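# What the coordinates show
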Amino acid sequence: MKSYQIKFPHGIMFHHFHGKNNPVVQGSIGKETLSEIIEFIGTENILNANEWAIKFQNHSIKSNHVCLTFDDALKSQVDVALPILRSYGLTGFFFIYSSIFEGIKEKLEIYRYFRTTQFSNIEDFYEKFFNYLKNFTEYDKIQKGLKKFDSEEYLKNCVFYSKSDKKFRYIRDQILTKEEYFKIMDKLIQESKINLEKIYEKIWMSQLDLEKINKENHIIGLHSYSHPTKFSSLSYKNQNEEYEKNKKHLEKINSKIFAMSHPTNSYNKDTLEILKKLNITIGFRADMNPIKSNLEIPRQDHSIITNML
């Protein structure tokens, strides 16, 4: 019988779930798969979030200890994952970006919802997107930038990404500015004539959801204010503002915010300095490179484990 081989303490990273009115999107899993992952890892190896944090901080954590983490304040985590966690008596880390609770509809998640629900499969979206780029003045810039694209090297730790996934992210994150990418995607969505207001209601947690998570003894933590895709490219001032605003929002729910995860695994020395200044003592990456510091703890993406089942 196969089992999950744990070589050092780390987190298991989750994002999207489907079921209970939440559609299937790229990378999403259902409640049955979440249960299978928990059983495969072994409940004896999964610590509740608070216990994992305490043991990690006092250096008593063991090599087989893992924790469950959930990024991006997604509604599907409340609808699908929370009931499963309750059934196992488990708690996790929930890493929250705050702008969505203050009336700002972050486009990153809207675009993801669009590309994974409005096409028969993700490759159909990529084909449409890559061809659609030819209509924009940025096309020559993109073609020039792609000459430096190496699908084997780019995001090489994210083995769950296809070549098309990587090419799309390279164009979005390395070639285009945020404004250029937004212009292209907004035009594509406009032509599709989908109802954005209905999408907003389906994607994110409410403030009440967040309060419920906190009351059930899960740990809520930082994930920046607006979830920039290239966080490390921000100035020290802008990085500091992102995390200060994020922390200020979450402290309205829990005054003891001490954990975080790096959005899109993007950070630098400035980020780590800012987090220390804000008294953040636990930080998670989004890869399985060994622990570098208490703010650079590895996480295994759930898709890797799903492929082991």
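A few points on the structure. All values derive from a computational prediction rather than experimental measurement.

We now examine the packing of helix α11 (residues 236-250) against helix α12 (residues 269-277). Between α11 and α12, the shortest axis-to-axis distance is 10 Å and the interhelical angle comes to 40°. Here α11 is positioned oblique relative to α12, judged by the angle of their axes. Crossing angle aside, the handedness with which α11 passes α12 is right-handed. Contacts between α11 and α12 pair Tyr 236, Gln 239, Asn 240, Tyr 243 and Glu 244 from the former with Asp 270, Thr 271, Glu 273, Ile 274, Leu 275 and Lys 277 from the latter.

So, on to the environment of Tyr 267. Counting through the fold element by element, Tyr 267 comes out in the loop between β5 (259-261) and α12. Here Tyr 267 is in contact with Ser 232, His 262, Leu 272, Arg 285 and Glu 296, once residues within four sequence places are set aside. Among the polar contacts listed, one links the side chain of Tyr 267 to the side chain of Glu 296, at a separation of 2.8 Å.

Here is the key point about a regular strand: its side chains alternate between the two faces of the sheet. Taking burial as the measure, the six residues of strand β2 (residues 66-71) include six buried ones, the bulk of the element. Side-chain alternation along β2 places Val 66, Leu 68 and Phe 70 on one buried face and Cys 67, Thr 69 and Asp 71 on a second face that is also buried. Judged from the five bridges that link them, strand β1 (residues 10-14) and β2 form a sheet pairing that is parallel. Following the sheet pairing, His 10 is matched in β2 by Val 66. One ladder, built from three bridges, connects β2 with strand β3 (residues 93-96); its direction is parallel. Among the inter-strand pairings, Thr 69 is bridged to a residue of β3, identified as Phe 93. In this view, the connection linking β2 to its parallel neighbour β3 by way of helix α3 (residues 75-88) has right-handed handedness.

Here α3 contains 14 residues, and its C-alpha end-to-end distance of 20 Å stays within 8% of the 20 Å for a straight helix at 1.5 Å per residue. At Ala 81, α3 is bent by approximately 40°, the largest bend along its length, and proline Pro 83 sits one to four residues beyond. Buried residues of α3: Ser 76, Gln 77, Val 78, Asp 79, Val 80, Ala 81, Leu 82, Ile 84 and Leu 85, and no others. Among the structural elements, β1, α1 (31-41), β2, β3 and α10 (207-215) are those in contact with the buried residues of α3. After α3 finishes, the residue Gly 89 shows a positive phi value of roughly 65°.

Reading guide: rules and limits
Residues numbered from 1 in each chain as written. Predicted model: local features only at pLDDT ≥ 70, side-chain atom pairs only at ≥ 80, totals over all residues. Heavy atoms only, no water. Axes fitted to C-alpha atoms, helices over the stretch in contact; angles between N-to-C directions. Helix = DSSP H or I, 4+ residues; strand = E, 2+ residues; numbered from the N terminus. Parallel < 35°, antiparallel > 145°, perpendicular 65-115°, else oblique. Left-handed = near helix turned anticlockwise from the far one by under 90°. Contact = heavy atoms within 4.5 Å. Polar contact = N/O pair within 3.5 Å; in protein donor to acceptor, adjacent residues only side chain to side chain. Buried < 20%, exposed > 50% of the residue type's maximum accessible area, 1.4 Å probe, protein only. Pairing = 2+ DSSP bridges. Right-handed = clockwise from strand over helix to strand, strands pointing away. Expected span 1.5 Å × (residues − 1). Bend = angle between axes of the 7 residues up to and from the residue.

These figures capture arrangement, not role.
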